[in-house]
Amino acid sequence: MRSPAVIAVIAAVLLWPSLLPPGAAAAHSGPAAPPPGAGAPLPARMAATGGGTQLITAVAPKADGASGTLAWWDLRGGRWVRAGSAPARFGANGLVEGAARRQGTNTTPTGLYGLPFAFGLRSAPRGTTYPYRPVRQDSWWCQDNASSSYNRWVRPRPADCRAAESEHLVTYRTQYAHAFVIGFNYDRPVRGRGAGIFLHVDGRGATAGCVSAPADALRRILAWARPDGRPHIAIGTSAGPTAITRY
């Protein structure tokens, strides 16, 4: 038979958790389990990836930032594997929801977009299989809201596309050495939303709305991208309303 003292000790041990303040017992029960998917690669945590086996992600820490990280991924055996990464630059005025973007605001549109084709003043890097258009003296990107060619590559520039409202691609010798067209506002263009959003080589600083990366990164991505991989690009922030995982 146990003594009264032993019985008192056992009772105190059994009652101890109920005497703690709310939440204190949980704090002493070990580290909390991570949320589902917390350790998964970024594409696996996204709402969509475009349905292909290749994906580019461009992430800024916050919406008013102009720099972040570019990464490209392959889906292998059902798991996303990072194939490479590089520093990224965004619009001088940060990032904004693609559907709410306005032309001329120096903001980068967030969202998930296709990559219609690549282009450049320099020849495509060895191993490139993605559609690649060479930039010529008469190559333009029409940004004229009044033109029937709005948000399109044109060669030569049509009469209804004003030069002052368009980009003469050959004049951007550094940035457009290599580039991809980002399919923002591309399939069914909305006038005033924005035109000529590309993934291109870094210039001197932040962009006017494009995503940019070092020249070597563009060359590596061109050699990596495959038409049958159906690559897309997802642009967003680490968290918040424009979090990349929403797209």
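Residues numbered from 1 in each chain as written. Predicted model: local features only at pLDDT ≥ 70, side-chain atom pairs only at ≥ 80, totals over all residues. Heavy atoms only, no water.

Looking only at helices and strands, the chain has three helices and 14 strands in total. Of all 247 residues assigned to the chain, the portion counted as buried reaches 45%. Taking as baseline every contact in the chain between residues at least 6 positions apart, the subset at least 24 positions apart corresponds to 61%. Of the roughly 12600 Å² that the chain leaves accessible, carbon and sulfur atoms contribute 55%. (Helix = DSSP H or I, 4+ residues; strand = E, 2+ residues; numbered from the N terminus. Buried < 20%, exposed > 50% of the residue type's maximum accessible area, 1.4 Å probe, protein only. Contact = heavy atoms within 4.5 Å. Areas by Shrake-Rupley, 256 points an atom, 1.4 Å probe, with all protein chains shown as cover.)

Considering every residue of the chain, the mean pLDDT works out to 90; 85% of them sit at 70 or more. Long-range and interchain partners of residues 4-31, a stretch whose pLDDT sits below 50, account for three contacts in this model, where long-range means more than four residues apart. (pLDDT = per-residue confidence, 0-100.)

Turning our attention to the layout of surface pockets. Here the largest pocket is characterised by a volume of approximately 350 Å³. Lining the largest pocket are 23 residues, and of these Glu-167, Thr-207, Ala-208, Gly-209 and Cys-210 sit closest to its centre. Counted by class, the lining of the largest pocket contains seven nonpolar, 13 polar and three charged residues. Volume-wise, the second largest pocket comes out at about 210 Å³. Lining the second largest pocket are Leu-112, Tyr-113, Gly-114, Leu-115, Pro-116, Gly-183, Asn-185, Tyr-186, Asp-187, Arg-188, Val-190 and Arg-193. (1 Å grid on protein atoms, 1.4 Å probe; cavity = no way out; pocket = protein on both sides within 12 Å on 5 of 7 lines; lining within 4 Å. Points joined across faces, edges and corners; volume = space filled by probe spheres on them. Nonpolar A, V, L, I, M, F, W, Y, C, P; charged D, E, K, R; others polar.)

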